[in-house]
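Structural characterization, general
Given next are the chains, with one letter for each unit.
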Amino acid sequence: MARTRKQDKNNGKEAGSNVKSGTTAKSGTSGTSAWFAEPGKNDDVIISTRARLIRNLADFPFSSKMTEDDKARVQALAYDAFSGVEGWHFIDMSQISGPGRQILSDKNIIKEDCSAVVINYGDESTSCLVNESDHLKISAFVSGLDCEKVMEKVYKVDEFLQNKLQFAANIDFGYLTSFIKDCGTGLKFTVRLFIPSIVLSGQFESVVSMIREKKLSIRPVFKSEQIADFSNCLFDITTTSSAEGTELDQMAVIQSVASVILKTERKIRSNFADNNPTVVLNFFKQSYARAMYSLLLSYEEAVSIISAVKWGLQLKLVKGITENELNGLYYRVKDGHLKYLCDNFAFTFEDDVKTSEALQIKRLRTIVIQQAFEGIVNEKPVS
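Figured I'd write up the structure that's included with this text. (Residues numbered from 1 in each chain as written. Predicted model: local features only at pLDDT ≥ 70, side-chain atom pairs only at ≥ 80, totals over all residues. Heavy atoms only, no water.)

Quick look at the packing of aromatic side chains now. Considering all chains together, one arrives at 14 aromatic pairs under this definition. On the numbers, 5.1 Å between centres and 55° between planes, the contact of Phe82 with Trp88 is tilted. Neither Phe82 nor Trp88 differs from the other in exposure class; each is buried. Plain terms: the ring middles of Tyr288 and Phe373 are 6.4 Å apart, the flat faces sit at 20° to each other, and that makes the pair stacked. On the criterion of sequence distance, the pair formed by Tyr288 in helix α8 (residues 277-293) and Phe373 in the loop between α12 (357-372) and β14 (377-378) is long-range, its members being 85 residues apart. The class of Tyr288 is partly exposed, set by a relative accessible area of 25%. Overall, Phe373 belongs to the buried group, its relative accessible area being 0%. Feature note: the residues Trp35, Phe36, Phe141 and Tyr331 constitute an aromatic cluster, connected by ring pairs. (Phe/Tyr/Trp six-rings, centres within 6.5 Å; stacked < 30°, edge-to-face > 60°. Buried < 20%, exposed > 50% of the residue type's maximum accessible area, 1.4 Å probe, protein only. Helix = DSSP H or I, 4+ residues; strand = E, 2+ residues; numbered from the N terminus.)

See the structure below:
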């Protein structure tokens, strides 16, 4: 596939000569790296940590009972509250296109319908949804495992909003929310895990039992029918109630559980590699070959390949790529980002590919992965 570029609309210069230069995980505002492209603590096992804080305005019904006039008033109040604070961009969702919505969804900023989104400039790690299931839903992400840092991010937003808005609260129930388990602090944590050694060694159920004993939930990010598909090795663990204990109590539980899991994964990983060297090398080589010789990849196929290479890096089978580069790649090959590239840069696709947007996205995804893997060197060739 030949690849060319349109002229850069901002400065008239040639935008680049290959796909890689157009797919770096950059913020569209300040040019700083997006949060998911940054290294994080224990990011071999913990992909990301998210904190979410729910607030509702006093003297308004919950979102499900609001009139259009109520929603407009809440949105106006939220706009006024953020307008005096440096570094925030307010997006009216009625004015955003379908591709724009897809990008916000790909970045895990939106999941359900909302009337507006407020996003911080820079790394776009912090955002606030307006009129989703509750009036305000503040969220923040960090790479790796760092519950304290991500909690500080959402409470920093909450602090300046408290000075401008009156939130619904009760002395017995704490902050009031549309879902009873979100009452109290309104805080919820989610940690995304990559645990292939635990899954492939058959010790996953014991980890699930520990998670549930601590009253946390676990769910797969993907669900593949293939047991050896590495997309099956990504999971989210989440706190289930904001009503039990203080913010620090809730943070401590998930931080401690995630710490136990990452230590378990590393221990099993080492033993598994020592006892099954050929099996481990086969997993990596199959996935790497699939990446380098494919022409069209779906997102789930890409996730499986990225995850297998990530495991190979952890097992010291390869070098030439980093954990945070691989973690960022999970986001860079999502549909929304790739569609943005197709819409804003000129690529010369094969004749049968250029007639289908879906095929163009799959083709571009494959190229992005292949270019990301160009520097990989096999550390343990088959003898």
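Moving on, there is more to tell.
Time to look at the side chain of Ser287. Locating Ser287 in the fold gives a position in helix α8. On the basis of relative accessibility, which here comes to 11%, the residue Ser287 falls in the buried class. Aside from chain neighbours lying at most four places away, what touches Ser287 is Ile305 and Ala308. (Contact = heavy atoms within 4.5 Å.)

The subject of this paragraph is the packing of helix α3 (residues 98-106) against helix α11 (residues 335-344). Two elements in contact, α3 and α11, have axes separated by 7 Å at closest approach and are oriented at 140°. Viewed along their axes, α3 and α11 adopt a mutual orientation that is oblique. Seen from α3, the contacting residues are Pro99, Gln102, Ile103 and Asp106; seen from α11, they are Asp335, Gly336, His337, Lys339 and Tyr340. In the contact of α3 with α11, the residues fall into three nonpolar, three polar and three charged. (Axes fitted to C-alpha atoms, helices over the stretch in contact; angles between N-to-C directions. Parallel < 35°, antiparallel > 145°, perpendicular 65-115°, else oblique. Nonpolar A, V, L, I, M, F, W, Y, C, P; charged D, E, K, R; others polar.)

When you line up the elements, Glu323 lands in helix α10 (residues 323-332). Exposure remark for Glu323: the relative accessible area of 14% places this residue in the buried category. Discounting residues that sit within four places of it in the chain, Glu323 has contacts with Asp43, Asp44, Lys310, Leu313 and Gln314.

Let us now look at the sheet that holds strand β9 (residues 187-194). With antiparallel pairing, the eight strands of this open sheet are ordered in space as β3-β4-β5-β6-β2-β9-β11-β10. Each of the sheet's edge strands pairs with one partner strand only, and the pair in question is β3 (88-92) and β10 (216-220). Averaged over all pairs of adjacent strands, the angle between strand axes in this sheet comes to 20°, irrespective of strand direction. With seven bridges connecting them, strand β2 (residues 46-55) and β9 associate as antiparallel partners. (Pairing = 2+ DSSP bridges.)

Note that Val191 resides in strand β9. Exposure remark for Val191: the relative accessible area of 0% places this residue in the buried category. Note: C-alpha distance between Val191 and Gly144 (47 residues apart in sequence) is 8.6 Å. In this structure Val191 touches Ile46, Ser48, Thr49, Leu145, Phe235, Asp236, Ile237, Ile254 and Ala258, once residues within four positions along its chain are discounted.

By themselves these figures say nothing about function.
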